[in-house]
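# Coordinate inspection notes
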Amino acid sequence: MKTALITAGANGIGKAMALAFEDAGFNVWITDVDENSLNACPKNWQRSVVDVSNEPQMMQLFADIKAQWGAPDVVCANAGIAGPTAKIEDVDLTDWNACLGITLGGAFLTAKYAAPLMKAQGQGAMILTSSTAGQHGYPNRAPYAAAKWGVIGLMKTLAMELGPHGIRVNAICPGAVEGPRMEGVLEREAKAKGMTRDQVYKGYAGGTSMGSFVTAEDIAHMAVFLGGEGARLVCGQVIAVDGHTENPDPKI
Ligand code: NAD
């Protein structure tokens, strides 16, 4: 049976990915810092309480995976935090470092410890969750945009390093995803801009050709495609699942 590891798999996009990989016949292993949510996930999933930015914890995670699975077939480096909503002059260095450390550093550590196992296996797929913030500027979200552009640079480099070992590496850029995380972003942006939550929501949706937010399941379907045989020669690609965002915030 094929295997899939998903970081930040206890909620949101990661949980939708785990469900979709399970539906596609994979054994699933999720990690998260949210122990309660991890415990609420289906009992047959492997799970570990791991902070993606903590190197000893990540080292231990991959030692455990090696002992149980040998190597994962698919690794979704999905963890990331939104970081502050603030003008650049108001961004605190501590918040900058936390956002970069988890969002970009977590993807780095995931790749660092997955790569040797996957190389030994001689095949596999890594899927990095970036964002449309990794394709465009994102006013008042400098740490997040910088981290998500960094994820793209990491992915492009990994694709070159690992492709020759049969490991495909791609990035998904979700647009604005319906759910609690975007609700928090909408609230913070509304407050910062003196607007209502609905005005900000319409600004995001109206900035896409399809006029819509996406769902976590939309992202999960793309991850399963990228992790499967149908994508056997898809490598080094940045794939937006966003309803086509040219300007993510056109009205504000
Ligand atoms: P979410 O807030 O619903 O879930 C995030 C999960 O990450 C939570 O379970 C949380 O406990 C976990 N987490 C937080 N810090 C962690 C850490 N240090 N180590 C391990 N786990 C940690 O968020 P989501 O919307 O599912 O986001 C998942 C990914 O998708 C992130 O990388 C995010 O930046 C990206 N993304 C989200 C959106 C969106 O609109 N929601 C858009 C583009 C990209």
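Cut-offs used in this document
Residues numbered from 1 in each chain as written. Predicted model: local features only at pLDDT ≥ 70, side-chain atom pairs only at ≥ 80, totals over all residues. Heavy atoms only, no water. Helix = DSSP H or I, 4+ residues; strand = E, 2+ residues; numbered from the N terminus. Expected span 1.5 Å × (residues − 1). Buried < 20%, exposed > 50% of the residue type's maximum accessible area, 1.4 Å probe, protein only. Arc of directions from axis to C-beta. Contact = heavy atoms within 4.5 Å. Polar contact = N/O pair within 3.5 Å; in protein donor to acceptor, adjacent residues only side chain to side chain. Phe/Tyr/Trp six-rings, centres within 6.5 Å; stacked < 30°, edge-to-face > 60°. Lys NZ or Arg CZ within 6 Å of the ring centre and 35° of its normal.

### Let's talk about helix 3 (residues 55-69)
Along its 15 residues, helix 3 runs 20 Å from first to last C-alpha, staying within 8% of the 21 Å computed at 1.5 Å per residue. Among all positions of helix 3, only Met58, Leu61, Phe62, Ile65 and Trp69 are buried. Buried positions in helix 3, seen along its axis, are confined to an arc of 90° and lie on one side of it. Of the residues in helix 3, the exposed ones pointing more than 90 degrees away from the buried face are Pro56, Lys66 and Ala67. Residues of helix 3 that are buried sit in contact with strand 1 (3-7), strand 2 (27-32), strand 3 (46-49) and helix 5 (105-121). Sitting at the head of helix 3, asparagine 54 places a side-chain oxygen 3.0 Å from the backbone nitrogen of glutamine 57. Where helix 3 terminates, the next one or two residues include glycine 70, which has phi positive at roughly 80°.

### With respect to unusual backbone geometry
Phi is positive for asparagine 140, which is not a glycine, with a value near 70°. By the element assignment, asparagine 140 lies in the loop between strand 5 (124-129) and helix 6 (142-162). Of note, histidine 244 is a non-glycine position whose phi angle comes to about 70°, a positive value. One can find histidine 244 in the segment after strand 7 (238-241).

### Considering the packing of aromatic side chains
A complete count under the given rule lists five aromatic pairs for this structure. Relative to tyrosine 144, the ring of tyrosine 138 has its centre 6.5 Å away and its plane inclined at 75°; by these criteria the two rings are edge-to-face. Relative to phenylalanine 213, the ring of tyrosine 204 has its centre 6.2 Å away and its plane inclined at 70°; by these criteria the two rings are edge-to-face. The exposure classification of tyrosine 204 matches that of phenylalanine 213, with both residues buried. Members of the aromatic cluster, joined through ring pairs, are Tyr201, Tyr204 and Phe213. A cation over an aromatic ring shows up here: arginine 141 above the ring of tyrosine 144, its NZ or CZ 4.6 Å from the ring centre.

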